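Now for the letters of each chain:
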Amino acid sequence: MERSFVIIKPDGTVRRRVSALVLKALIDRGYRLVAFREMKVPESLAKLHYAVHAEKPFFPWLVDFLSSAPVLAMIFEAEGVIQGVRDALGATFVQKATPDSLRGKYGIWAGINIAHASDAPETAVSEIDLWTTKGGLQESSEAHEKALKYIQQHIFGDADYTSNLRDVVKNAIEHRDVSNDVLQTLQDLFSRDAEGISKQETDMLAKAVFDFIKEEVEKVE
Ligand code: RTP
Ligand code: MG
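Since the model is a prediction, treat every value here as computed from it, not as a measurement.

1. Some remarks on unusual backbone geometry
In step 1: Backbone geometry at Ile-114 places phi at a positive 75°, although glycine is not the residue there.
In step 2: Looking at where Ile-114 falls in the secondary structure, it is placed in the loop between α6 (102-106) and β4 (115-117).
In step 3: Given 28 C-beta atoms within 10 Å, Ile-114 falls into the buried group.
In step 4: One non-glycine residue, Arg-176, adopts positive backbone phi at about 50°.
In step 5: Here Arg-176 lies in the loop between α9 (162-174) and α10 (180-191).
In step 6: The class of Arg-176 is partly exposed, set by 13 C-beta atoms lying within 10 Å.

What follows is the structure, encoded as structure tokens:
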């Protein structure tokens, strides 16, 4: 049976209700989880995971971002799951993803885009191998049940700060505002629905997003 390796990235996981909504949307497509782990990603693993992008200018930022706060690392299983998850996520850049796609709904801006998914059968195999050998990800008959519990635990309420986060990031880039106020607003927004995630971690994520803003501002100098 076909498998896909999927990560809900820190910008999703730190927002508990949003990560539950993303997870539910994937499960509702009929995909079954065979591995499910919430974990902090060591820098070394983030580098190996995105090794294909090692020469790209955004690589150092991408590694910092992925390792800033916990992620949900998962293996989904179903016929057609690789293309299915990619379709559900939508385009890589949030502003290019359609509004009904998961990145379009919950991604923040550009490559701050909520989730990763394998793009081909060979990539899925090598990513699953990497994350089981170097990331402690384990197949388990309880994975699906654990994911359903995660959803039950976090889906209630109406917390969704996506539009607030987008406004902060877009305005800061547009007005070339890299003041401490922007960083503090990001810290505040990321800590609001982050049950069980430490302030240190939500602050690290805020810093990664702030660094992204700074890089965008520097680009147009
Ligand atoms: P992913 O691997 O995360 O599922 O994303 P993807 O296949 O849709 O896109 P890919 O080209 O593999 O990019 C990997 C991740 O790098 C970040 N990115 N930033 N120009 C940029 O600033 C840029 N391009 C890509 C995104 O986080 C993207 O998901
Ligand atoms: Mg990719």
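Continuing now.
2. Digging into the site of ligand 1
In step 1: Close to ligand 1 lie His-53, Phe-58, Leu-62, Thr-92, Ala-110, Gly-111, Asn-113, His-116, Ala-117 and Asp-119, which account for all nearby residues.
In step 2: Residues belonging to the shell around ligand 1 are distributed by class as follows: four nonpolar, five polar and one charged.

3. Structural notes on the environment of Gly-104
In step 1: Note that Gly-104 resides in helix α6.
In step 2: Residue classification places Gly-104 among the partly exposed positions, given that 18 C-beta atoms sit within 10 Å.
In step 3: Measuring from C-alpha to C-alpha, the distance between Gly-104 and Asp-211 comes to 22 Å, with 107 residues separating the pair along the chain.
In step 4: Apart from the residues lying within four places of it in its own chain, the contact partners of Gly-104 are Gly-90, Val-94, Ala-97, Thr-98 and Pro-99.

Reading the values: rules and limits
- Counting from 1, residues in each chain are numbered in the order their sequence is written.
- For this description, chains carry letters from A and ligands carry numbers from 1, given in the order in which they are written.
- Local features are withheld for residues below a pLDDT of 70 in this predicted model, meaning they are given only at 70 or higher, and side-chain atom pairs are given and counted only at 80 or more; totals for whole chains, interfaces and linings count all residues.
- Helix and strand definitions here come from DSSP, where helices need a minimum of 4 consecutive H or I residues and strands a minimum of 2 consecutive E residues; each element is numbered from the N-terminal end.
- A residue is called partly exposed when the number of other C-beta atoms within 10 Å of its own lies between 12 and 20, exposed at 12 or fewer, and buried at 20 or more, with C-beta atoms placed from the backbone.
- Proximity of a residue to a molecule or strand is defined by its backbone-placed C-beta atom lying within 6 Å of that partner.
- Gly counts as polar in this scheme, as do all residues outside two lists: the nonpolar Ala, Val, Leu, Ile, Met, Phe, Trp, Tyr, Cys and Pro, and the charged Asp, Glu, Lys and Arg.
- The contact criterion used here is simple: two residues whose C-beta atoms, placed from the backbone, lie within 7 Å are in contact.

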